[in-house]
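Residue-level structural notes
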Amino acid sequence: MVGYAFMGVAHSQGWRNAPRFFDLPLHPDMAVVAGRNAGAVRAAADRLGWRDTETDWTALVARDDVDLVDVCTPGDTHAEIAVAALEAGKHVLCEKPLANSVEEAEAMVRAASAARDAGALAMVGFTYRRVPAIQLARRLVAEGRIGTVRHVRAQYLQDWIADPQAPLSWRLDKQKAGSGALGDIGAHVVDLAQFVTGEHLTGVSALLETFVRERPVAGAFSGLAGTRSTSGETGPVTVDDAAVFLARLSGGGLATFEATRFAYGRKNAIRVEVNGSAGSLAFDFEDMNVLHYFDASLPAWEAGFRRIVVTEPEHAYVASWWPPGHGLGYEHAFTHQAVDLVRDVADHRQPRPSFADGLQVQRVLDAVERSAADRSTWTDIPAPAPEPAGTEA
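This text gives an overview of the structure that appears in the document.

The strand order across the open sheet built from three strands is β3-β4-β5, with neighbouring strands paired in parallel fashion. Each edge of the open sheet carries a strand with a single partner, namely β3 (68-71) and β5 (122-125). Averaged over neighbouring strand pairs, the angle between their axes works out to 15° when direction is ignored. Pairing analysis gives four bridges linking β3 to strand β4 (residues 91-95), with the strands arranged parallel. Looking across to β4, one finds that Asp70 is bridged to Leu93. Sheet strands touched by helix α1 (residues 6-21): β3 and β4. Its angle to β4, the strand with the most contacts, is close to 135°.

Moving on to the nonpolar core. Nonpolar side chains in soluble globular proteins tend to be buried together. Phe257 and Phe355 are the most contacted members of the largest nonpolar core, which has 83 residues in total. If one sorts the elements of this core by residue count, helix α8 (residues 181-197) sits on top with ten residues. Other than its neighbours up to four places away in sequence, Phe355 contacts Ala82, Leu86, Val92, Cys94, Leu98, Met108, Val109, Ala112, Ala122, Met123 and Val124. The next biggest cluster of nonpolar side chains, apart from the first, holds 27 residues, and it includes Leu48, Met123, Leu328 and Phe334.

Taken N-terminus to C-terminus, the directions of helix α4 (residues 78-87) and helix α5 (residues 102-117) make an angle of 10°; their axes are 9 Å apart at the nearest point. One element, α4, and the other, α5, form an angle in the roughly parallel class. The segment α4 lies against α5, with His78, Ala79, Ala82, Val83 and Leu86 engaging Glu104, Ala107, Met108, Ala111, Ala112 and Ala115. Classifying every residue of the contact of α4 with α5 gives nine nonpolar, one polar and one charged.

The subject of this paragraph is helix α10 (residues 355-373). Between its first and last C-alpha atoms α10 spans 27 Å; for 19 residues at 1.5 Å apiece the expected length is 27 Å, and the two agree. N-capping of α10 is provided by Ser354, with a side-chain oxygen placed 3.2 Å from the backbone N of Ala356. Once α10 ends, the next one or two residues include Arg375, with phi positive near 55°.

Reading the values: rules and limits
Residues numbered from 1 in each chain as written. Predicted model: local features only at pLDDT ≥ 70, side-chain atom pairs only at ≥ 80, totals over all residues. Heavy atoms only, no water. Pairing = 2+ DSSP bridges. Helix = DSSP H or I, 4+ residues; strand = E, 2+ residues; numbered from the N terminus. Axes fitted to C-alpha atoms, helices over the stretch in contact; angles between N-to-C directions. Contact = heavy atoms within 4.5 Å. Core = buried A, V, L, I, M, F, W, Y, C linked by side-chain atoms within 4.5 Å. Buried < 20%, exposed > 50% of the residue type's maximum accessible area, 1.4 Å probe, protein only. Parallel < 35°, antiparallel > 145°, perpendicular 65-115°, else oblique. Nonpolar A, V, L, I, M, F, W, Y, C, P; charged D, E, K, R; others polar. Expected span 1.5 Å × (residues − 1). Polar contact = N/O pair within 3.5 Å; in protein donor to acceptor, adjacent residues only side chain to side chain.

Rendered as structure tokens:
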């Protein structure tokens, strides 16, 4: 694994837990983690369960005892690390968004395609797909239970930088992050909307806004939270704080998206609602073990949203965990991600979401930025290229 901060901690727990709760055809061996600071990466390795360390990711990629490279670094390094690992014949898991630009993402897709021909596989980490309630939502849509999709409403709301005195982090630096709320959290709801509906976005009209353009320089960070430097120095925010956009789906339906880190009281509110010709679905990650389903075929006197607690053994992934009603949490989706990837590698099957899926989301993000820069002009999004046979999501 390259990187050991917030995402590295979550990925490490996923790798540790996967073989302990699931019957896997291959056993993940947490061989080595890389980070620039020798002391800090050694401490992280001891805490998170990695056997060895490197301070140069190129040395990690070159090691004979590494078969898969997990990229948990800021977006500006994704392309370089992932492409090098694929060219070295390693499987790759890369955190989202796939890259900081469409051009980088396209290069990563080309590298993944060439590597697949040589036996190495690549996946992008849109982890919320692995929440059991989201899996159920996709299944209900695919089975036609809500009919033709007419509307999607997707929001990702957080508040961790709503305070103007919250310090700068790499997530507020366009050079490192690519974009702000749009790429960091908006990418997730774009992917979820496309995953749940089985459709893709064809065009957008967008607004981006930066509310606080100067912030204190950080002294230290733990996860998303940081402390201000005692120097009193400030620096510029070079990304968006919020993104709002309209979109059209490939099936003709309409969609609205909102991503912000300025919604006081919303800690990790990922909300997706889908309205169809025969019913509706609604999900909120802050109540992540529940899916709401409305069946429009029922007579009005008994119709209403049904609250489904998605903790039965018949639901995706759940049988390997706790008895019914004993809910799962944020960290479980990272275990499910590791499980799916290990099984795909063992079966020589293209994992999903693929780098091509990541490129599709990158093209949406790019269209949003171009639209917002051009007075919200309607901006078309290229259709995704077909995936090779046998790579269905």
